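# Coordinate analysis (summary)
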Amino acid sequence: MHRIPHCPNPLCPSNKAESEIKPSFRKKGFESNKRQEKIQRYQCKNCRQTFNINVFDINYYAHKSIDYKRLVDAMISSSGIRDMARQFRCSPSLIQNRIDRLARKAMALFAKLSETLELKEDVAADGLESFVLSQFFPTNINILVGSKSQFIYYFNSFFFHRKGRTTKAQKEKAKELYQRATFEKGAPSRSFKELLDYLAALLDRSYMTDIILDTDKNQIYHHQFVRHPKMEKVIHRKTDSKEERNTSNKLFPCNYIDRQIRKDQAEHVRETLQFSRNISNSMNRFFVYSFWHNFMKPFRINRKKSNLSSHGEAAGIDPIIIGKIKEDLFDGTRSLYFSVKNSLNPFQQDLWEKRLLNPLHCKAV
Ligand SMILES: [Zn+2]
């Protein structure tokens with residue numbers, strides 16, 4: 001790697017967005033790594049801090065580098081972490097570590113794109129139910145999808161108490177577990193409000209005068225929608241979730257995404273044995289999946305029916321920008337948190353900083 005994107009010191013005067021001081025660096029000797037290879041050091045001319053060029057490497061501090069393109073291929077074909085570890089001949093924790101690195105890179109690229117992303121279609125939102133750790137800890141992943149493009153604009157997640165019919169033994173187990181567990185109060189409302197906040201930011205850049213938001217008849221969606229101060233351009237259309245799930249269903253975009261995710265990602269397959277044990281890990285994998293879905297997966301497998309190459313293109317994003325973003329994902333560089341923090345939404349910030357907690361505060365696998 002030869003290009004230095006910015007000084008790695010968060011306090012450096014050239015790193016402020018409003019600063020007129022241009023970043024500038026000089027070579028400052030070498031250091032050697034464990035393999036006795038020489039690595040160039042640089043010094044920032046503004047803050048005088050010296051640094052190793054590898055600080056911008058996606059494999060920074062990692063001893064084993066793996067092929068990230070191959071990793072994505074494995075992730076989207078329903079391989080579990082242990083399957084992947086066998087394929088790559090390494091430990092499951094190494095696989096998860098590399099997925100986390102890739103997820104952060106994808107998050108940084110998507111966040112930058114979000115700053116100029118213009119909404120050109122109606123949208124639909126719904127929650128995908130899965131679980132982390134055990135079926136006593138179901139998660140809801142709220143997703144905002146383009147109605148025409150099925151582009152995933154936004155998602156976040158929260159835990160809730162197990163619903164539905166349970167046996168007496170399950171009730172007792174739940175009681176015991178829930179005594180030790182912590183669930184965020186008002187999480188469903190907070191989660192949907194954050195989704196609407198993101199939609200509001202998209203609307204600020206949209207020339208469309210009326211936008212339809214399709215959801216099911218969940219009361220929380222309704223309450224949050226009427227309370228949100230920036231939804232005047234939006235018409236909230238509610239469809240009964242029990243209606244037949246075909247392509248003319250208004251919730252088709254959400255049902256489509258739901259089906260695709262359950263098909264492609266091992267941990268969301270129904271009755272799966274490969275469930276996730278940690279919410280942060282699960283969401284990082286989901287982020288890489290949504291990036292692949294938006295920019296790398298063909299819009300429709302039957303190309304004759306569509307000449308659009310990806311869901312991103314169907315959402316009206318310039319193919320040149322999509323080409324660049326795909327290339328950047330695998331360019332081997334790493335994004336430093338402080339340089340992208342302001343572009344990330346609150347959920348992404350929590351995910352990046354590993355602040356999403358499991359109800360039993362379990363550590364990652
Ligand atoms: Zn500096």
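Numbering of residues starts from 1 in every chain and runs along the sequence as written. A pLDDT threshold of at least 70 governs which residues receive local features in this predicted model, and a stricter bar of 80 or more applies before side-chain atom pairs are shown or counted, although totals over entire chains, interfaces and linings include all residues. Excluding hydrogens and water, the side-chain values take into account all heavy atoms of the structure.

## Some thoughts on the pairing of strand β1 (residues 25-32)
We call two strands paired when DSSP finds no fewer than two bridges between them. Starting at the N terminus, helices and strands are each numbered in turn, a helix being any DSSP run of H or I of at least four residues and a strand any DSSP run of E of at least two. Pairing geometry for β1 and strand β2 (residues 38-44), over 6 bridges, is antiparallel. Looking across to β2, one finds that E31 is bridged to I39. From the end of β1 to the start of β2, which pair antiparallel, there are 5 residues, and Q36 there has a positive phi angle of about 60 degrees.

## Points about the domain arrangement of the protein
How far each domain reaches was decided by an automatic or database domain assignment. Here the domain parsing of the protein yields domain 1 (13-56) and domain 2 (68-352). Each of domain 1 and domain 2 was reduced to a C-alpha centroid, and the two centroids are 36 Å apart.

## Some points on unusual backbone geometry
Notably, Y61 is not glycine yet its phi reads approximately 65 degrees, a positive angle. Considering the arrangement of structural elements, one finds Y61 in the loop between β3 (50-52) and α1 (68-75). A positive phi is found at R89, a non-glycine position, where the angle reads about 55 degrees. Following the sequence through the fold, R89 ends up in the loop between α2 (81-88) and α3 (92-114).

## Examining the packing of α2 against α3
Angles shown run from 0 to 180 degrees and are taken between the N-to-C directions of axes, each axis being a line fitted to C-alpha atoms and, for helices, limited to the stretch in contact. Two elements in contact, α2 and α3, have axes separated by 8 Å at closest approach and are oriented at 100 degrees. By the criterion of interaxial angle, the relationship of α2 to α3 is roughly perpendicular. Residues I81, R82, M84, A85 and F88 of α2 form the contact with α3, whose participating residues are P92, I95, Q96 and I99. Amino acid classes used here: Ala, Val, Leu, Ile, Met, Phe, Trp, Tyr, Cys and Pro are nonpolar; Asp, Glu, Lys and Arg are charged; the rest, including Gly, are polar. Across the contact of α2 with α3, the residue classes tally to 7 nonpolar, 1 polar and 1 charged. Roughly parallel means an angle under 35 degrees; roughly antiparallel means over 145; roughly perpendicular covers 65 to 115; every other angle is labelled oblique. Contacts are residue-level and defined by heavy atoms, with any inter-residue pair within 4.5 Å sufficient.

## Quick look at the sheet that holds β3
Strand order in the open sheet formed by 3 strands is β1-β2-β3, with antiparallel pairing between adjacent strands. Edge positions in the sheet fall to β1 and β3, since each has one partner strand and no second. Ignoring strand direction, the axes of neighbouring strands in this sheet form an average angle of 35 degrees.

## Quick notes on the nonpolar core
To form a nonpolar core, buried Ala, Val, Leu, Ile, Met, Phe, Trp, Tyr and Cys residues must be joined to one another through side-chain atoms within 4.5 Å. Any residue under 20% of the maximum accessible area for its type is buried, any over 50% is exposed, and the rest in between are partly exposed; the area is computed with a 1.4 Å probe on protein chains only. Of all hydrophobic cores here, the largest spans 90 residues; its most connected members are I95, I143, L144 and Y153. The leading source of residues in this core is α3, at 12 residues. Contact partners of L144, with chain neighbours within four places excluded, come to V123, A124, A125, F151, I152, Y153, Y154, L195, Y198, L199, L202 and L213. Within the second largest apolar cluster, 8 residues are counted, among which are F51, V55, F56 and L336.

## A short note on the environment of L351
Looking at the element boundaries, L351 is found in helix α12 (residues 346-352). Under the relative-accessibility criterion, L351 is labelled buried at 1%. Here the alpha-carbon distance between L351 and C7, two residues 344 residues apart in the chain, equals 24 Å. Leave out the neighbours within four places in its chain, and L351 touches M107, S280, M283, N284 and L356.

## Focus: helix α7 (residues 252-264)
In a regular helix each residue adds 1.5 Å, so 13 residues correspond to 18 Å; α7 covers 18 Å between its end C-alpha atoms and thus fits that length. Judged by how many residues are buried, α7 sits mostly within the fold: 11 of 13 residues are covered. Along α7, the residues that are buried comprise F252, P253, C254, N255, Y256, I257, D258, Q260, I261, R262 and D264. For α7, the secondary structure elements touched by its buried residues are α1, β4 (123-131), β5 (138-146), β6 (152-159), α8 (279-296) and α9 (311-314). By this rule the span expected of a helix is its residue count minus one, scaled by 1.5 Å.

## Some thoughts on the coordination of the zinc ion
Metal sites are built from N, O and S donor atoms within 2.8 Å, or 3.2 Å for Na, K and Ca, and they leave out water, so they may look incomplete. Binding of the zinc ion to the protein goes through C7 (SG), C12 (SG), C44 (SG) and C47 (SG), at separations of 2.3 to 2.4 Å. Irregular is the label for any site that misses the other tests, which are tetrahedral for four donors with all angles between 85 and 135 degrees, and square planar for four donors or octahedral for six when opposite donors exceed 155 degrees and the remaining angles lie between 65 and 115. Relative to the metal, the 4 donor atoms surrounding the zinc ion lie at angles of 104 to 116 degrees, and the coordination shape comes out tetrahedral. Mapping the donors of the zinc ion onto the primary sequence yields the spacing C-x4-C-x31-C-x2-C. Of this pair, C12 sits in the segment before β1 while C44 sits in strand β2, placing them 32 residues apart in sequence. Per residue, the accessibility class of C12 equals that of C44, and both read buried.

## Comments concerning the pattern of salt bridges
A carboxyl oxygen of Asp or Glu within 4 Å of a side-chain nitrogen of Lys or Arg is what we treat as a salt bridge. Counted under the stated rule, the structure contains 13 salt bridges. When the shortest N-O distance is used, the salt bridge between E176 and R180 registers 3.1 Å. With E176 and R180 both in helix α4 (residues 168-180) and 4 residues apart, the pair spans about one turn of that helix. A salt bridge links R190 to E194, with the nearest nitrogen and oxygen atoms 3.5 Å apart. In this pair, R190 and E194 are both assigned in helix α5 (residues 187-204), 4 residues apart and thus about one turn of the helix distant. The network of salt bridges with common partners includes E184, R190 and E194.

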